[in-house]
Amino acid sequence: MSTEGDLLHTVTADNISDQRRRLGKAMVWGSAGLCAALAIWQMMYETGRVASGFETWRPILYAYVLWAFALCAAQVIVNGEKGKRTLFVLPAALFVISLVVFPLLFALYISFTDWNLASPNGPQPNGWDNMVQMWNDGFYWNALKNMVYYVLAVSVEYVIAFGLALLLNAQIRARKFFRVVFLLPLMLSPVAVSWMIGKSMLEVRFGPISRLIRELGFEPSFFGNPEIARFMIMAMDAWTFIPFMMIMLLAGLQALPSEVIEASKVDGASGWQSFKEVIFPLMLPVSVTAVVIRIIFKLKLADVIINVTSGGPGGATDSVTSFIFREYRDRSNVGYGTLLAMVYLVLIVIFVTLLLKLVSRWMERPA
Amino acid sequence: MTATQTNAVFKDHAADTRVKTKWWASRVAIYAALITWAIICLFPIFWTITTSFKLAPDVMKGNLIPWWDFTPRWKGWESIGISPRLIGEVSTVREEFLKRFWNSTVIAVSASLLAVILGSLAAYGLSRFNYRFGFMRNSDISFFFLSQMILPPVVLALPFLVLYKSLALLDTRIGLILLYTLMVLPIVIWIMRDQFQGIPVELEEAALVDGLGIWGSFFQIVLPIALPGMVAAFILSLVLCWNEYFFAALLTATNATTLPVMVASQTGSQGINWWSMAALSSAAILPLVIVAIFLEKYIIKGMAAGAVK
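Residues numbered from 1 in each chain as written. Chains lettered and ligands numbered in written order. Predicted model: local features only at pLDDT ≥ 70, side-chain atom pairs only at ≥ 80, totals over all residues.

### Section: the domain arrangement of chain B
All names here are of chain B. For chain B, the assigned domains read domain 1 (2-78) and domain 2 (92-304). Just the C-alpha atoms count here: the centres of domain 1 and domain 2 sit 37 Å apart. Listed per partner, the contact involves 10 residues of domain 1 and 7 residues of domain 2. Within the residue set of the side of domain 1 that touches domain 2, elements represented by two or more residues are helix 2 (14-51) and helix 4 (75-78). (Domains from an automatic or database assignment. Contact = placed C-beta atoms within 7 Å. Helix = DSSP H or I, 4+ residues; strand = E, 2+ residues; numbered from the N terminus.)

Here it is, written out as structure tokens:
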């Protein structure tokens, strides 16, 4: 992408009258004022200083939406052609800012309160108490430790996905059939998967896999032993998400220049040599993208755990998300749960930034 | 084959036959691996769908193959009110199921649609014009959008719970639609930016010369070309929204619950009622399995975009 000047040049001869400019500004400030006034009134009503008010904050939301539309419209009214360009990005930016930045600021406030939805007196700021509680909470650290294992499992998924992509890229018949079949697990919802595999196929008495293991002469127990339970969760998650990496790697393989591979064959490289010396290095950028995105998805892992083991046995399979989910579900501890989530967010941001930095340095090209 | 070769006029050299056996060996290995993985992918789906037609004894005996091992029955599907016998009658369970199904459909479709609209506009703007919002330039704005992908749902879940409560958006479809749009927006922007960068600017320049405005050329020239990419982004979003569980579990209670929440709530109660759970799971996964079979091309296109630069 070029850095200087627009890619698409437009010559504009806007002469915008002062009246039009004033109208645009009046729209923005008027609606903003309306929104702010309503918000202040509602706040005073809730604190009991004004007798009448709205039942919920819904009208303020409407005023906010009105302001957002006024802001978008005013871009064109005030800035003319330039505003039309801004209008491409502005709606998405407003949407994300209002749905992420405000809640995050709010979360920051909640995380330093002792808010429990079950208690009658709302949020009370309690300073660093939540932080201290977190520091002494073995289950949270345990969940973080599990996340490390879960993220490390991505390497195995990567190997399998690469193998499958190579298979699909080979000269085979019925390629489309295999591609659809291999893609199917990605379509299934993790909740359905946790019943299909976790609760029925791995059921100790009647599940087909348990039956198979009993035939082989072992006693099946999938969720009793911490290590095996964690492995089963990893396997189920891998089953759903391997297609995701596989498709990205397959796209990479198909985009490889065929001349290079043919040249390596002419030079007498065996299959393994041409893979190690030619295909794999050329696939590095795609691999990195696939692995990084997969890791980002992995950090959100929760659905399978919530539905299959709910963190058991003894927290061995807990991910941070599932742990916080239970903290809220079982104890309605909004304040503490939010603090845990915020800490997790900070850790993730640090981790992903380091990862990207490391990758870009290693590949010696800007990310 | 060797028998015919011994008395054939044109014989392969010994070295050539060695290559041939090696080639056959690699063929066999490739297909064996392909079929093994295909079974790994298909067996759980096969198991779920067949179990929905089983009765308790069939489950306990571990019967696998319909009509040979066991006779398929509609018992499982009757528990969600869908079977040839019950289809004409009024059934509360079916209404319950269809309500969830309809919720899922409405939420997934509208969230994906909203995300594709917002995301395409933003991606087009970012790939064609230079912006400066304060200190933020184009690459910063792109990074701002894409970085939302890192945001774990837990961070937003609890604040949204409280915010939605005061906005009376808890347990409504609109509340979930907004969140899901936010969740898939970075992915849509990622795919669409790639699409728009692949379209030559000269097309729009020609349109501008011919008298169209920026928005006119976007709608009349660029959109039709980028349509396959938009469909890909839409379908990928649809899959993600349809399967989402975490937000739905936290933010809905009775009115706006989606299918995954219904599936999850059934597992806990009433022991393991195999046939009805299997029927419910099958019904929850079937729409996307059908989507996968018929629109596989678009899903792959969507995921491949951006992976290859």
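### Examining the environment of Met245(A)
Residue and element names in this part refer to chain A. Following the sequence through the fold, Met 245 ends up in helix 9 (residues 226-254). Between the alpha carbons of Met 245 and Val 286 there is a distance of 9.8 Å; along the sequence they are 41 residues apart. In this structure Met 245 touches Glu 157, Tyr 158, Ala 161, Ala 290 and Arg 294, once residues within four positions along its chain are discounted.

### Description of the packing of helix 5 (residues 138-169) of chain A against helix 9 of chain A
All names here are of chain A. At a closest axis distance of 6 Å, the pairing of helix 5 and helix 9 adopts a crossing angle of 45 degrees. Comparing the axis directions of helix 5 and helix 9 gives the class oblique. Both helix 5 and helix 9 take part in a crossing whose hand is right-handed. Tallied by class, the residues present in the contact of helix 5 with helix 9 amount to 19 nonpolar, 3 polar and 2 charged. (Axes fitted to C-alpha atoms, helices over the stretch in contact; angles between N-to-C directions. Parallel < 35°, antiparallel > 145°, perpendicular 65-115°, else oblique. Left-handed = near helix turned anticlockwise from the far one by under 90°. Nonpolar A, V, L, I, M, F, W, Y, C, P; charged D, E, K, R; others polar.)

### A look at the interface of chain B and chain A
In this complex, chain B contributes 82 residues to the contact, which on the side of chain A involves 79 residues. With 15 residues, helix 13 (residues 274-304) of chain B is the largest single contributor of residues to the side of chain B that touches chain A. Of the residues that constitute the side of chain B that touches chain A, the class distribution is 66 nonpolar, 12 polar and 4 charged.

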